[in-house]
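Structural characterization, general
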Amino acid sequence: MSTGHGRLDRTAADLVAEALRRLVSLTPREMSEELVGGTLVVDLREEDELHVVGWIRDSVWAPRGMLEFWADPSDRRHRIEFDPERRLILYCSTGERSAIAAGTLRSMGYRDVRVLDGGIEAWKGEGLP
């Protein structure tokens, strides 16, 4: 049994970098142009973060801990707006949680999952509503 802090084979930063290599990242301006035509925008942040920073209009809130259950059509907790055939854009505060979540959704069978590069911080930095 180790009494000190061990080293991980892969860090959280490694998981984010790996996920981003396999995904389409959108700048805030690119994402603002995608907000038409049935694209589902999903906010993965925790509820307290919504109240502090705000959210992108017409986005659906899906806390990171529930995403896979809400996105799984065979799960009793499935939410109808999650459809594996629909384009999804995920965002969080800075883009890290959304990158990992997008990789997970793709592994579940979602084909068109994108992430907001830099998260809502980048969105607000561009002065977008």
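Since the structure is predicted, the reported quantities are computational estimates derived from the model, not experimental observations.

For the structure shown, the criterion picks out zero aromatic pairs. Between the NZ or CZ atom of Arg-77 and the centre of the ring of Phe-69, over which it lies, the distance is 4.2 Å. A cation over an aromatic ring shows up here: Arg-79 above the ring of Trp-70, its NZ or CZ 4.4 Å from the ring centre.

What follows is about helix H5 (residues 96-108). Side chains three or four residues apart in an α-helix point the same way, a direct result of the helix having 3.6 residues per turn. Taking 1.5 Å per residue as the helical rise, H5 with its 13 residues ought to reach 18 Å, and the 19 Å between its terminal C-alpha atoms agrees with that figure. Every buried residue of H5 is listed here: Ser-98, Ala-99, Ala-101, Ala-102 and Leu-105. Where H5 is buried, its residues meet helix H1 (12-21), helix H4 (67-71), strand E4 (88-91) and strand E5 (113-116). Phi for Gly-109, located one or two positions after H5, is positive at around 120 degrees.

Here is what the cut-offs are and how they apply
- Residues numbered from 1 in each chain as written.
- Predicted model: local features only at pLDDT ≥ 70, side-chain atom pairs only at ≥ 80, totals over all residues.
- Heavy atoms only, no water.
- Phe/Tyr/Trp six-rings, centres within 6.5 Å; stacked < 30°, edge-to-face > 60°.
- Lys NZ or Arg CZ within 6 Å of the ring centre and 35° of its normal.
- Helix = DSSP H or I, 4+ residues; strand = E, 2+ residues; numbered from the N terminus.
- Expected span 1.5 Å × (residues − 1).
- Buried < 20%, exposed > 50% of the residue type's maximum accessible area, 1.4 Å probe, protein only.
- Contact = heavy atoms within 4.5 Å.

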